[in-house]
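Each chain, written out:
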Amino acid sequence: MSSTTAGPRLEVTDRPDIESRGWVLNGLAASNRAYVDEPGKRNLAVIIRDHGNGEILGGLLGWTSWEWLRIELLYVAPACRRTGWGTRLVQAAEAEALKRLCRSAWVDSYSFQAPGFYERLGYTIFGTLDDYPAGHRRYFLQRRLIANVEAPLSTNDRA
Ligand SMILES: CC(C)(COP(=O)(O)OP(=O)(O)OC[C@H]1O[C@@H](n2cnc3c(N)ncnc32)[C@H](O)[C@@H]1OP(=O)(O)O)[C@@H](O)C(=O)NCCC(=O)NCCS
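Residues numbered from 1 in each chain as written. Predicted model: local features only at pLDDT ≥ 70, side-chain atom pairs only at ≥ 80, totals over all residues.

Participant: Any chance you could break down the overall build of the protein for me, citing the residues and the numbers?
Facilitator: In terms of helices and strands, the protein carries four helices and six strands. Mapped from its N terminus to its C terminus, the protein presents α and β elements in the order α-β-β-β-α-β-α-β-β-α. Once local pairs closer than 6 in sequence are excluded, the contacts in the protein between residues at least 24 apart make up 50%. (Helix = DSSP H or I, 4+ residues; strand = E, 2+ residues; numbered from the N terminus. Contact = placed C-beta atoms within 7 Å.)

Next comes the structure, spelled out in structure tokens:
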């Protein structure tokens, strides 16, 4: 921090430079390390591909970290829907997550997307954002992938 008489100033931008972004990320990561291990983030993708021409017909994108599967994006081509492909994508991602020693999975889904689809697969809603976007709702859902063993909370987590 420079010692000008004006002191630090705020910059507001919609395009942070790489240095600023890296500074914040590195600082936060170092701060987190006092409490938890490295997240061990590893991307995970499951793609449906046509046997014949190799065309992509659907896919799930996400990652695993801190023993959780995060489903970020899920999309099945309209012509392939309601025949179990969405379910297969999620189940394949969960199976891979289990191999990576994950214990749970989480996902978010807008009210105009597929919260009911995830509920059918055993996910339960643990949070909602009302009116996001306006007139809709964003749901957050989770599912245990292995038998429920409650981990004791640390003192900091309980605060
Ligand atoms: C959501 C989506 C991936 C589901 O794929 P799909 O291949 O149709 O799913 P499945 O055939 O495996 O459906 C499994 C069950 O969920 C139901 N289901 C499917 N889509 C649903 C939805 N949007 N809402 C509620 N239930 C849904 C099916 O009817 C089926 O029920 P059943 O077992 O009682 O017959 C697909 O509809 C899609 O890509 N939608 C547009 C994008 C989107 O909303 N993605 C999710 C972002 S979080």
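Structure shown, so let's carry the discussion forward.
Participant: Explain the sheet that holds strand 6 (residues 137–144) residue by residue, including any values.
Facilitator: Spatially, six strands are ordered 1-2-3-4-6-5 in an open sheet, and the strand pairing comes out mixed. Unpaired on one side and paired on the other, strand 1 (42–49) and strand 5 (124–130) mark the two borders of the sheet. Each strand axis lies, on average, 20° off the axis of its neighbour in the sheet, ignoring direction. With respect to the sheet, helix 2 (residues 85–99) is in contact with strand 1, strand 2 (56–65), strand 3 (68–76) and strand 4 (104–110), its orientation differing from that of strand 3 by roughly 155°. (Pairing = 2+ DSSP bridges. Axes fitted to C-alpha atoms, helices over the stretch in contact; angles between N-to-C directions.)

Participant: Break down the site of the ligand for me, citing the residues and quoting the values.
Facilitator: Near the ligand there are 16 residues, and of these Arg-81, Gly-86, Thr-87, Gln-113 and Gly-116 occur at the shortest range. Elements that contribute at least two residues to the shell around the ligand include exactly strand 3, helix 2 and helix 3 (115–120). (Near = placed C-beta within 6 Å.)

Participant: Account for the pairing of strand 3, with residues named and values stated.
Facilitator: Working note: regular strand, side chains alternate between the two faces of the sheet. Taken together, the eight bridges between strand 2 and strand 3 define a ladder with antiparallel strand orientation. Note that in strand 3 the partner of Leu-60 across the bridge is Leu-74. Taking the residues between adjacent antiparallel strands as the criterion, strand 2 and strand 3 are bridged by two residues, where Trp-66 takes a positive phi near 45°. A crossover connection joins strand 3 to the parallel strand 4 through helix 2; in handedness this β-α-β unit is right-handed. (Right-handed = clockwise from strand over helix to strand, strands pointing away.)

Participant: Let's hear about the nonpolar core: which residues, and what values?
Facilitator: In this structure, Leu-60, Leu-69, Ile-71, Leu-89, Ala-93, Ala-97 and Val-107 are the most contacted members of the largest nonpolar core, which totals 17 residues. Among the elements of the structure, strand 1, strand 3, helix 2, strand 4 and strand 6 are those that each provide at least two residues to this core. Examining the composition of this core, we find that four residues originate from one element, helix 2, more than from any other. Among residues more than four places away in sequence, those in contact with Ala-97 are Leu-44, Thr-64, Leu-69, Cys-102, Ala-105 and Leu-145. (Core = buried A, V, L, I, M, F, W, Y, C linked by C-beta atoms within 7 Å. Buried ≥ 20, exposed ≤ 12 C-beta atoms within 10 Å, placed from the backbone.)

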